[in-house]
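# Structural description and commentary
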Amino acid sequence: MITPTADPSAGEPSGAAPGPGERPIVEPSADDLAPGLEVEVDVGPVAHGGHCVARYDGRVIFVRLALPGERVIVKITEARRGSFCRGEAVWVLRADPRRVEAPCGHFRPDGCGGCDFQHAQADLQRELKGFVVAEQLQRLAGVERAVTVEPLPGDGFGWRTRVRWALDAGGRIGPRRVRSHRVEAVNAAGPCLIAAPGLTELAGSIDIPTGVRRAVRPAATAQPDGRTPRARRSRSTAGGLPEVTLTAAGDGTLTAVWAGADAPVVTEHAAGRDFSVAADGFWQVHAAAAQTLSQAVADALEGIELAGGTGWDLYGGVGLFAEILCRAVGTAGSVIMVETDPAACELAVTNLTRHPQAAVRQGRVDEVIGEIDSSVDAVVLDPPRSGAGPSMCAAIAARAPAVIVYVACDPAALGRDTAALAGSGYRLDTLRAFDAFPQTHHVECVARFLPA
Ligand SMILES: C[S@@+](CC[C@H](N)C(=O)[O-])C[C@H]1O[C@@H](n2cnc3c(N)ncnc32)[C@H](O)[C@@H]1O
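Summary of the structure given here. Fair warning: this is a prediction, and the values are worked out from it, not measured in the lab. (Residues numbered from 1 in each chain as written. Predicted model: local features only at pLDDT ≥ 70, side-chain atom pairs only at ≥ 80, totals over all residues. Heavy atoms only, no water.)

## Digging into the pattern of salt bridges
- Per the stated rule, a full pass over the model turns up 27 salt bridges.
- A salt bridge links Lys-129 to Asp-435, with the shortest nitrogen-to-oxygen separation between them at 2.6 Å. Highlighted residues: Lys-129 in helix H1 (residues 122-141) and Asp-435 in strand S18 (residues 426-435), separated in sequence by 306 residues.
- Under the relative-accessibility criterion, Lys-129 is labelled buried at 1%.
- Between Glu-323 and Arg-327 there is a salt bridge, and its shortest N-O distance comes to 2.7 Å. Of this pair, Glu-323 and Arg-327 both sit in helix H5 (residues 320-329), four residues apart, which is roughly one turn of that helix.
- For Arg-327, a relative accessible area of 44% puts it in the partly exposed group. (Salt bridge = Lys/Arg side-chain N within 4 Å of Asp/Glu carboxyl O. Helix = DSSP H or I, 4+ residues; strand = E, 2+ residues; numbered from the N terminus. Buried < 20%, exposed > 50% of the residue type's maximum accessible area, 1.4 Å probe, protein only.)

Shown next as structure tokens:
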């Protein structure tokens, strides 16, 4: 039965949900949980993905917008037959003392899917992320490690220098709603607070080419079970909606590039120098991340004798970490950067011109490193969210590098690959974690592996 207690510490309801007194008195069985039903739960630990785990009569509910230890009313948004449910806290009956009122109006039940933790103080957000990294390492690799997440410069807002937003049939542009392809429109009155200054305004003023307008199909809507239908996904029309990449580059330029269109080259700064990057290409999104991570990679290479040696920068983008490896091996050494994106490789060649010891190889890492005969002393890898995978980890370990520096944007992938590297004779040495995505559940790690 939903009988909220009057608790003076109770938080405000998240969004415009009705108060508890107006709620129907129902107590469904765990098997009957279905989208739209609301139940009262004690919230358990945070889990990977930006939600906490609660149990209702034994059935697991992944609850967004809640914090560990809180008691909330959760509205079910998805119920998998015979399995877990998802839901969102719509009323907080017992609040964590470090709960705060989210400053962004888009952060609410069924709202923007971009942020997960705006309702928590910054130090609590970092604790939650540290817990998740430690838990994934323990669960997937059997590594026990307390993880402290380091803040990046800034106040946790306005950090996101790159966003990929969608255009809907009503001409609105914005991020997607949580677990949906629907657009959460942002505008001057309701800006995205994590986007870098100028990006929301840019979204409201860009030209929408006629071809792009024509490409808009009706947004995918949720099914009765709360899930969004599997839409045909492509970079340009995920969920049937055209996408635009908005960039606030380090050189001060603001650009908008519709998917499929030619992108201008912008200049970013990190590691004491400039890098040329396609405005819609990969660059670390937090304004301070490229600097922070390149320094962390340099620190992780410290203490290993690399002068005159060889280095690989795998998943190299436009050469950020190849730059660090070139400095470590010196002109007597050699560095190979591997990257699939031809445009990024072309820019990497330009960015690394000053280092005659650097070579750029375009292609998939699994294919390219199979073609390289030489051994390697240091490997830096920065794979996409899915991680490197067991065969790639084994292939790297087979070359017996003195050090492997793994830059990871997904703690689960890091956990899996830590286990794979352990199986190939490499142990996790140092691990640093960075809050490179404040207000979201995402966290960046730099892990150093040494021969066991
Ligand atoms: C997380 S980004 C890292 C880029 C770069 N290290 C940086 O920090 O700027 C991952 C990069 O890997 C590239 N990539 C993805 N899968 C790849 C693969 N199988 N082989 C080579 N590169 C890949 C992507 O194009 C992207 O540029």
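Additional details are given in the paragraphs that follow.
## A few points about the site of the ligand
- Looking at the ligand, there are 15 residues lining it, with Gln-284, Tyr-315, Glu-339, Val-365 and Asp-382 nearest.
- Tyr-315 places a main-chain nitrogen or oxygen 3.1 Å from a nitrogen atom of the ligand.
- Within the backbone of Val-365, a nitrogen or oxygen atom sits 3.0 Å from a nitrogen atom of the ligand.
- Bound to the protein, the ligand loses 86% of the 600 Å² it would expose on its own. (Near = heavy atom within 4 Å. Polar contact = N/O pair within 3.5 Å; in protein donor to acceptor, adjacent residues only side chain to side chain. Areas by Shrake-Rupley, 256 points an atom, 1.4 Å probe, with all protein chains shown as cover.)

## Observations regarding the nonpolar core
- Within the largest apolar cluster, 100 residues are counted, with the highest numbers of intra-cluster contacts made by Ile-61, Val-72, Trp-165, Ile-173, Leu-246, Val-297 and Leu-301.
- With near-sequence residues (within four places) excluded, Val-72 lies in contact with Val-39, Glu-40, Val-41, Val-43, Val-63, Ala-66, Ala-89, Trp-91, Val-92 and Leu-93.
- Val-368, Ile-369, Ile-396 and Tyr-406 belong to the second largest nonpolar core, which has 37 residues in total. (Core = buried A, V, L, I, M, F, W, Y, C linked by side-chain atoms within 4.5 Å. Contact = heavy atoms within 4.5 Å.)

## Some remarks on the packing of H1 against helix H9 (residues 411-423)
- Viewed as axis vectors pointing N to C, H1 and H9 meet at an angle of 35°, and their least axial separation amounts to 8 Å. For the element pair H1 and H9, the recorded crossing hand is right-handed. Within the contact between the two elements, H1 uses Val-132, Val-133, Gln-136, Leu-137, Leu-140 and Ala-141 and H9 uses Pro-411, Ala-412, Leu-414, Gly-415, Arg-416, Thr-418 and Ala-419.
- Of the residues that constitute the contact of H1 with H9, the class distribution is nine nonpolar, three polar and one charged. (Axes fitted to C-alpha atoms, helices over the stretch in contact; angles between N-to-C directions. Left-handed = near helix turned anticlockwise from the far one by under 90°. Nonpolar A, V, L, I, M, F, W, Y, C, P; charged D, E, K, R; others polar.)

## Describing helix H4 (residues 289-301)
- For H4, which comprises 13 residues, the first-to-last C-alpha distance of 18 Å matches the rise-based estimate of 18 Å (1.5 Å per residue) to within 8%.
- Of all the positions in H4, only Ala-289, Ala-290, Thr-292, Leu-293, Ser-294, Ala-296, Val-297, Ala-300 and Leu-301 are classed as buried.
- Looking at the packing, one finds that the buried side of H4 touches strand S11 (265-270), H5, strand S16 (378-381), strand S17 (403-408), S18 and strand S19 (444-451).
- Positive backbone phi, approximately 85°, marks Gly-303, located one or two places after H4. (Expected span 1.5 Å × (residues − 1).)

## Quick notes on unusual backbone geometry
- Phi angles above zero are rare outside glycine, and Tyr-315 is one such case at about 60°.
- Within the secondary structure, Tyr-315 sits in the loop between strand S13 (310-314) and H5.

## Regarding the pairing of S19
- Of all eight residues that make up S19, seven are buried, and the element is covered over most of its length.
- Relative to S19, S17 runs antiparallel, the two sharing five bridges. Following the sheet pairing, Ile-404 is matched in S19 by Phe-449.
- Bridging between S18 and S19 involves seven bridges; their strand directions are antiparallel. Each residue of the ladder has a partner; that of Leu-428, found in S19, is Phe-449. (Pairing = 2+ DSSP bridges.)

## Notes on the side chain of Ser-180
- The residue Ser-180 is located in the loop between strand S8 (173-174) and helix H2 (199-205) in this model.
- Reaching out from Ser-180, the side chain makes a polar contact with the backbone nitrogen of Arg-182 at a distance of 2.8 Å.

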